[in-house]
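# Structural features, examined
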Amino acid sequence: MRANLSGPVDVIVVGATTLVGETLLALLEERGFPVGTLYLADQRNAVGTRLEYKGRYVVVEDVAVCDFSRAKLAFFVASLEVSARHAPRAAAAGCIVIDRTSQFRFDADVPLVVPEVNPGAAAAYHQTRRIIANPSCATIELALALKPIHDAAGVERVNVCTLQAVSGVGKNGIEELAGQCASLLNMTGIKPRTFPKQIAFNVLPQIGDYADNGYTNEEMHLADELRKVMGDERIMVNATAVRVPVFYGHSAAVHVETRAKLTVAEARNLLAHAPGVSLLDERRAGAYPTPAGEAAGSDAVYVGRLREDISHPRGLDMWLVADNVRKGAALNCIQIAEILVQD
């Protein structure tokens, strides 16, 4: 049975004190989402925190004892463990759950949604466990750029290297990079905690644990998520995920092989009119998007360095950048909720 999301919607944000949670609250207000009563919940160490929303303060509750029956919509932007334990409880209480973790992404009866790519999938929540999953930040920006190309020429294979910001692991990642930079510039030692090795002035070719085939979980998830969002299991994906010393903004160097030939001019025209995509692609110094220059604080997925691949007759290469916390998480969740309200 569908929940009634017309008019003001009572909302619970689980993980309200996280980077994504704080950004989600700001975007709910910025986009004028029809919030009725707002409830905030998080893990025990954040209970009692007061967060401002529309000029008033809301106190964070303990998610372990949260009464989800008070709301119609629950955003889960905390940890995987919190989603695993409490998202089904919220759904059983009558909430529609929009979850940003990987807990439910590969469940056959849970839609995985990027609103600009497969908005119709969001409507399937009423046939499932009342849970809608958010893809990873890297998948979202890749799917937005590939959608118009796939529709026009069919994506056969993707070879991608993602360069992911430290905010991808939350506040701990930001604090570790900032602290290591300060320590190294002051000629003092460092001890990695959040990341397996030094992240300041360094790059780490590992995100997630290793699978048996030598790829990391992040790399395998990117491939599986992209196929599910695009609705095409034939797409072959080879991914390398790298953590870089950037605070906000995931980047990706992408090589795409299409089933039909697509010229750069045709691809440029498609991307220039694609929803959620901003094309910044001039062949002069600096005329390309970067995490700090364009992506941070922006809603768009930026595309640059578009060119025909000289090593493949149907190949295209491009460079992608997007704010991983904003578009890659919080905004995507809200856009899913907006579809439910509109429909």
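Now for a description of the structure that goes with this document. Since we're looking at a predicted model, the values are computed, not measured.

Thresholds applied
- Within every chain, residues take consecutive numbers counted from 1 along the sequence as written.
- Predicted model: local features are reported for residues with pLDDT of at least 70 only, side-chain atom pairs are reported and counted for 80 or more only, and whole-chain, interface and lining totals are derived from all residues.
- Working from all heavy atoms in the structure, the side-chain values ignore hydrogens and water.
- By this definition, two strands are paired if DSSP reports at least two bridges between them.
- The way it works is that DSSP assigns letters per residue, a run of H or I at least four long becomes a helix, a run of E at least two long becomes a strand, and they are numbered from the N terminus.
- Think of each axis as a best-fit line through the C-alpha atoms, taken over the contacting stretch in the case of a helix, with angles from 0 to 180 degrees between the N-to-C directions.
- Contacts are assigned to residue pairs with any non-hydrogen atoms lying within 4.5 Å of each other.
- Each residue gets one of three labels from its accessible area relative to the maximum for its type: buried under 20%, exposed over 50%, partly exposed in between, using a 1.4 Å probe on protein chains only.
- Seen with its strands pointing away from the viewer, a crossover is right-handed if its path from the first strand over the helix to the second goes clockwise.
- By salt bridge we mean one thing: a side-chain nitrogen of Lys or Arg within 4 Å of a carboxyl oxygen of Asp or Glu.

## Thoughts on the sheet that holds strand β9 (residues 236-243)
- Read from one edge of the open sheet, six strands run β9-β8-β10-β13-β12-β11, paired in mixed fashion. The open sheet terminates on both sides in strands that have one partner only, identified here as β9 and β11 (277-279). With strand direction ignored, the average angle separating the axes of adjacent strands in the sheet is 20°.
- Both strand β12 (residues 301-308) and strand β13 (residues 315-322) contribute to a ladder of five bridges, which runs antiparallel. In the strand pairing of β13, Val303 is matched with Leu320.
- Sheet contacts for helix α5 (residues 217-230): β8 (155-164) and β9; angle to β9, the most-contacted strand, approximately 135°.

## Observations concerning the pairing of strand β2 (residues 35-42)
- Along β2, six of the eight residues are buried, which leaves the element largely enclosed by surrounding structure.
- One ladder, built from five bridges, connects strand β1 (residues 9-14) with β2; its direction is parallel. Bridging from a neighbouring strand, Val13 pairs with Leu40 of β2.
- As for the winding sense of the linkage, the β-α-β connection from β1 through helix α1 (residues 19-30) to β2 is right-handed.
- Bridge count for β2 against strand β4 (residues 56-62) is three bridges, and the pairing is parallel. Its bridge partner lying in β4, Asp42 is registered against Asp62.

## Regarding the pattern of salt bridges
- The tally for this structure, following the rule as stated, stands at 20 salt bridges.
- Between Asp224 and Arg227 there is a salt bridge, with its nearest N and O atoms 2.8 Å apart. Of the two residues, Asp224 and Arg227 are both situated in helix α5; the distance of three residues between them amounts to about one turn of the helix.
- Using a relative accessible area of 15% as the deciding quantity, one classes Arg227 as buried.
- Each of Glu30, Asp299 and Arg326 takes part in one network of salt bridges that share partners.

Distances and angles like these do not, on their own, reveal function.
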